[in-house]
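# Commentary on secondary and tertiary structure
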Amino acid sequence: MRIVFIMLAISYAFLLGSQITAESINFSVPLTVDIRDSSNSSVLVKSPSGKIVPSQVERDGEILHITWMHRGEAQPRYKLVLTPSSASALDNRDPRGVKLIEKESSVDVMVNGRLFTSYIFKGAPKPYIYPIIGPTGKGITRNYPMKELPNESRDHAHHRSLWFTHGNVNGIDFWTESPKNGRIVHREFKKLTSGPLYGHISTVNDWIGPDGKKICEDTRDIYIYNTSGVGIIDFKITIKATDGPVTFGDTKEGMFGIRIADSMTVDRGKGRIQNSRGDLNEAAWGKQAEWCDYYGPVDDEIVGVAIMNMPSSFRFPTYWHVRTYGLFAANPFGLRDFTGDKSVNGGYTIPKEGTISFAYRIYIHKGTTEDGAVADVYRLSTCKPDITVIKS
């Protein structure tokens, strides 16, 4: 078992008494900037009023990845104050913050001492994230096929909670699960970072055809944040054509997907689908939108999950393969199905050694789309902060 902690001690001291709470601080969201620094500095993030803002920093060579929580203005201004390093490790016994615990086939993500989710990297034809515990303490994705529970639907066994794959990669189906189809195989962890503000899972995975030959690889970075009252996960993935050109074909069967809990669905429950363009329920299928929200009851409490497509994503804004029975997926390639125009080809070929990247934010909230202020959270999530760097 391995637990890794990377953070700045001075930031942690300010964070302990100020956990993010959506209801009390009007939906703070994580912001991240990268700066170059070769002097092994610590960083203080300061608001325009001079207040120190809780932050977490990861170093990658000379690049500092600095993350903090922001609310309010769409064009925030912050000062980053670089000082001589005073970093130290987070106490392993302290349950606060986000801790990653590596096991034989999974990584458990503990937020303030409680399981929020697990990243499952063995035992299935692809990695997936399960369970995902919502703000009411209940799971917000379907349990099947990981668990078989009474009265729960058992269709589409390849819908494993939350996952990323595609139904046509060089003509091979990676979407459904069969010995004749492709597999995404975990190769290694690049990072398992725990800290007061977020946990960071970084992995490399090989896309293997049914003949055992590698087609391409992906590097995925998953950030799980220390929030209260809401849940926020960032999922970023870059696919590289390592072994020749790779074509992601035009099919609706893809790509970044969640299978919503049955009780939240439109068909089996009392759910509702709503996207950023105002499309509702069945009308949201096959449409382009910056974000899409799916909400409904879990044990008589309304909760929702929004997938937000980040502007850095390939073919932003994405199309949505979202169904009233519970499938909820972002797919930029299925244009022929989505538009109904058989002359359209939404496929894309990555040249050898080329890459494409996708970025999503998953926002889990209480109540309806309006109750969760999904549009405001997206606006804050995509704002560009005005940064001043000060070296002291």
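Residues numbered from 1 in each chain as written. Predicted model: local features only at pLDDT ≥ 70, side-chain atom pairs only at ≥ 80, totals over all residues. Heavy atoms only, no water.

## Comments concerning the overall build of the protein chain
As a reminder of what qualifies: Helix and strand assignments come from DSSP, with helices taken as H or I runs of at least 4 residues and strands as E runs of at least 2, each series counted from the N terminus. A radius of gyration in this sense is built from C-alpha atoms; the matching globule rule multiplies 2.2 Å by the number of residues raised to 0.38. Burial classes: relative accessible area under 20% of the type maximum marks a residue as buried, over 50% as exposed, and values in between as partly exposed (1.4 Å probe, protein chains only). In this analysis, two residues are considered to be in contact whenever any of their non-hydrogen atoms come within 4.5 Å of each other. Note on areas: Shrake-Rupley with a 1.4 Å probe; residue coverage comes only from the protein chains shown. Charge assignment in this entry is limited to Lys and Arg as positive and Asp and Glu as negative, and neither His nor the chain termini are counted. Lysine's charge is taken at NZ, arginine's at CZ, aspartate's at CG and glutamate's at CD.
If you tally the helices and strands in the protein chain, you get four helices and 27 strands. Over its C-alpha atoms the protein chain spans a radius of gyration of 21 Å, differing by no more than 12% from the 21 Å that the globule rule assigns to 392 residues. For the C-alpha atoms alone, the extent of the protein chain along its principal axes is close to 60 × 50 × 40 Å. Scored against the burial criterion, the 392 residues of the protein chain give a buried share of 56%. Intrachain contacts of the protein chain at a sequence separation of at least 6 include 65% that bridge at least 24 residues. Here the protein chain displays about 16100 Å² of accessible surface, and carbon together with sulfur accounts for 48% of that area. The distance from the centre of the 47 positive side-chain charges to the centre of the 43 negative ones in the protein chain is 3 Å.

## Side note on the nonpolar core
In plain terms, the rule: Think of a nonpolar core as a cluster: buried Ala, Val, Leu, Ile, Met, Phe, Trp, Tyr and Cys residues, connected wherever their side-chain atoms sit within 4.5 Å.
With 60 residues, the main nonpolar core has Phe164, Ile201, Ile239, Phe328 and Phe358 as its most contacted residues. By residue number, the principal contributor to this core is strand S26 (residues 355-366), which donates five residues. Not counting the four nearest positions on each side in its chain, Phe328 is found in contact with Phe256, Gly257, Ile258, Ile260, Cys292, Asp293, Tyr294, Val305, Ile307, Trp320, His321 and Val322. In terms of nonpolar packing, the next biggest core, distinct from the first, is built from 18 residues, Leu197, Ile232, Trp291 and Tyr378 among them.

## Focus on the sheet that holds strand S27 (residues 386-391)
For clarity, the cut-off: Strand pairing is defined by DSSP finding a minimum of two bridges between the two strands.
Within the open sheet, the four strands sit side by side as S4-S3-S7-S27. Their pairing is mixed. Of all strands in the sheet, those with a lone pairing partner are strand S4 (52-53) and S27, marking the two edges. Where strand S7 (residues 77-84) and S27 come together, six bridges link them in parallel fashion. Following the sheet pairing, Val81 is matched in S27 by Ile390.

## Some thoughts on helix H4 (residues 374-381)
Our working rule: In this description, the arc belongs to the directions extending from the helix axis to the C-beta atoms.
Listed in full, the buried residues belonging to H4 are Val374, Val377, Tyr378, Leu380 and Ser381. Buried positions in H4, seen along its axis, are confined to an arc of 165 degrees and lie on one side of it. Those residues of H4 hidden inside the fold are in contact with strand S2 (29-36), strand S6 (63-70), strand S21 (291-298), strand S22 (301-309) and S26.

## Some points on the packing of aromatic side chains
Pairs of aromatic rings are described using the distance from one ring centre to the other and the angle between the two planes. Cut-off, in case you're wondering: Note on aromatic pairs: the rings of Phe, Tyr and Trp (six-membered ring only in Trp) are paired at centre separations within 6.5 Å, and the planes decide the class, stacked below 30 degrees, edge-to-face beyond 60, tilted for the rest.
Evaluation of the coordinates by the stated rule reveals 20 aromatic pairs. Ring centres of Phe314 and Tyr348 lie 4.7 Å apart, and the angle between their planes is 55 degrees; on these two criteria the pair is classed as tilted. Pair noted here: Phe314 is in the loop between S22 and strand S23 (319-322) and Tyr348 is in strand S25 (residues 348-350), with a separation of 34 residues, a long-range link. What makes Phe314 buried here is its relative accessible area of 17%. Ring geometry for Phe314 against Phe358: centres 6.0 Å apart, planes inclined by 75 degrees, an arrangement best described as edge-to-face.

## A word on the confidence of the model for the protein chain
Interpreting fine coordinate detail is not advised for predicted regions of low pLDDT. Condition: pLDDT measures how confident the predictor is about each residue, on a scale from 0 to 100.
When pLDDT is averaged along the protein chain, the result is 90, and 90% of the positions lie at 70 or above. Contacts for the low-pLDDT stretch residues 1-25, under 50 throughout, to residues beyond four places or in other chains number 71 contacts. The low-confidence segment residues 87-92, where pLDDT is below 50, has 15 contacts with residues more than four positions distant or belonging to other chains.

## What to know about the environment of Asp37
Stated formally: Between N or O atoms, a polar contact is any pair within 3.5 Å; within protein, one atom must be a potential hydrogen donor and the other a potential acceptor, and residues adjacent in sequence are included only when both atoms are from side chains.
Locating Asp37 in the fold gives a position in the loop between S2 and strand S3 (41-46). What Asp37 contacts, discounting residues up to four positions off in sequence, is Arg59, Glu62, Leu64 and Leu82. Looking at Asp37, its side chain comes within polar contact range of the main-chain nitrogen of Ser41, at 3.1 Å.

## Let's talk about the side chain of His200
Turning to its location among the elements, His200 is positioned in strand S14 (residues 198-208). Contacts of His200, omitting those with residues within four sequence positions, involve Glu58, Leu100, Lys191, Leu192, Thr193, Asp221, Ile222 and Tyr223.

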